Structures are given as structure tokens and as C-alpha cells.
Amino acid sequence: MIKAVIFDMDGVLIDSEIIYLDHIYEKLRLLYPNISREALFAVVGSTTKRTMEIISGVIGEDVDSPAFQELYAGLWADCRPDYPSILRKEVPELLRELHRKGYLVALASSTSRAGIEDVLTSCGLKGDFDYVVSGEEFKESKPNPEIYLHTANTLKCEPKECLVVEDSTYGIMAGHGAGMTVTSVIDDRFSFDRSLAAYSINGLWEVLDVLEKLKEIE
């Protein structure tokens, strides 16, 4: 029986991935005009550390060099998305409905703790989760399943009692690796591999349909 629903944030609750990707691409191509947008797809769903490694590989710079560190910091200096405008409109009511139905609701995101807090505060969602955790609080985040196993343990649930809602390849791998049921929000813009997801949905309201289907097969 599913007892908890664990959401990713970027690309699931907020449609932010395309904004971040386009922002860093436009910044980088001013200095590296030959890079392709597709070469940066791998940053979608990544932690800060992994994003830095991917970008350094794309542009051919040493990730540990002072010059790259300065470049990376500059990429984000003026990236200030209007989070309420990209919050998926069904999110507040969906979270309330899940609670009403008796589910625990958690957020497990690869984004930094500061980034998560910024989104939740600006979107008025701070009180809507039973637990919130950042991937940067672990040695390795997604696709490593540790973030999801930790979340289940904190919620006092078995992995098989958790439904994960993800979008990216890394996130789906992490949820599947944790032994949880994964449903993927369909997003064909980034060539994500959804093969490990048990369910694919076009919108977040369909999470309720997935939960009903899971009840039927228990």
C-alpha cells in the first residue's frame, strides 16, 4: 500500500528546467559560440556539483580552476526566475488533496537547500510538505537512490510504500534504484529516458489516477 508521495521539484512542481537550460546556454555561447544546446541537456536534474562537471566538459575547462569557478558563479548571477509564474497551477490543490486522502507528502530535490527554500517561500508552499530534503545534503544525489531511501526512512515508510513523481532520467533512476514505484511527468524537450518509470503522466493531477490504479493491484 502506498503511504507516501515524494515529489521532485524542478521540472515537476515548477517548469524551471527550460529556463535554467536556456539561461546557461545563452551565457556560455557568448564565450564559446560553437557549443550546442543539446550538449547541455545532461545538466537537467543534476546537482550543482554534477552540473559544474558537465559544463566544464562541454567547454573544455578544468572544473577546479579559479577561472572556471568564477565563470560558473557568473552564469547564475542574474538568473532570477519568477517561481510563482512557473509553478504548475494544480500543485497547491493537489498537495492538499493528497493530505486529505491521508498520504504523507515529501519533496526530495537535487536543488540546493537555499534554492528549495526560495521556491517554497515564493510559491506559498512551505507548509505543504511533511518532509523536505536537498540532494546536496548527501555525498551523492540522484541518480544515487540515497536521497529517496533517506526520505522513506524519515517518513517511517518502506520503499515499496512510496510513490515517486519525477521527470528527469537521473531522478527516475534514483527512485527506481530505491525500490519505489516511479511515475514520470512526460517532458519530451530534453530526451529523458523514462524506461524505468512504472507510469508516465501528462499532468500532475494524474498522480491521483496512478494512486487509484496502485490500490487496485494491491
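Residues numbered from 1 in each chain as written. Predicted model: local features only at pLDDT ≥ 70, side-chain atom pairs only at ≥ 80, totals over all residues. Heavy atoms only, no water.

Engineer: Describe the side chain of Ser141, with residues and values.
Structural biologist: Along the chain, Ser141 turns up in the loop between strand S3 (131–134) and helix H7 (146–154). The exposure class of Ser141 is buried, given its relative accessible area of 8%. A polar side-chain atom of Ser141 sits 3.4 Å from a polar atom in the side chain of Ser110. With residues near it in sequence (within four places) discarded, Ser141 still touches Thr47, Ser110, Gly135 and Ile147. (Helix = DSSP H or I, 4+ residues; strand = E, 2+ residues; numbered from the N terminus. Buried < 20%, exposed > 50% of the residue type's maximum accessible area, 1.4 Å probe, protein only. Polar contact = N/O pair within 3.5 Å; in protein donor to acceptor, adjacent residues only side chain to side chain. Contact = heavy atoms within 4.5 Å.)

Engineer: Any details on the environment of Tyr199? Residues and values, ideally.
Structural biologist: Mapped onto the secondary structure, Tyr199 falls in strand S6 (residues 199–201). With residues up to four places along the chain from it excluded, the contact list for Tyr199 reads Thr181, Val182, Thr183, Ser184, Val210, Lys213, Leu214 and Ile217.

Engineer: Could you give an account of the nonpolar core, with specific residues and numbers?
Structural biologist: Within the largest apolar cluster, 37 residues are counted, with the highest numbers of intra-cluster contacts made by Phe7, Leu98, Leu107, Phe129 and Leu211. When residues of this core are traced back to their parent elements, those giving at least two are strand S1 (4–7), helix H4 (83–86), helix H5 (91–100), strand S2 (104–109), helix H6 (113–122), strand S4 (162–166), S6 and helix H9 (206–216). Take this core: its biggest share by element is 5 residues, from H9. With 23 residues, the next largest nonpolar core counts Tyr32, Ile35, Phe41 and Ile54 among its residues. (Core = buried A, V, L, I, M, F, W, Y, C linked by side-chain atoms within 4.5 Å.)

Engineer: Could you give an account of the packing of helix H1 (residues 17–31) against helix H3 (residues 66–76), with specific residues and numbers?
Structural biologist: At their nearest, the axes of H1 and H3 sit 9 Å apart, and the two run at 130° to each other. Taken together, the axis directions place H1 and H3 in an arrangement best described as oblique. Of the two possible hands of crossing, H1 and H3 adopt the one that is right-handed. For the pair formed by H1 and H3, the contact residues are Tyr20, His23, Ile24, Lys27, Leu28 and Leu31 on the first element and Leu71, Gly74, Leu75 and Trp76 on the second. Grouping the amino acids of the contact of H1 with H3 by side-chain chemistry returns 7 nonpolar, 2 polar and 1 charged. (Axes fitted to C-alpha atoms, helices over the stretch in contact; angles between N-to-C directions. Parallel < 35°, antiparallel > 145°, perpendicular 65-115°, else oblique. Left-handed = near helix turned anticlockwise from the far one by under 90°. Nonpolar A, V, L, I, M, F, W, Y, C, P; charged D, E, K, R; others polar.)

Engineer: Got a sec to walk through unusual backbone geometry? Specific residues and values, please.
Structural biologist: In this chain, Lys142 is followed by Pro143 through a cis amide linkage whose omega measures 15°. If you check the backbone angles, Lys156 has positive phi at about 60° while not being a glycine. For Lys156, the position within the fold is in the loop between H7 and S4. Assessed through its relative accessible area of 74%, Lys156 is described here as exposed. For Ser191, which is not glycine, the phi dihedral falls at a positive 60°. With a relative accessible area of 61%, Ser191 lands in the exposed category.

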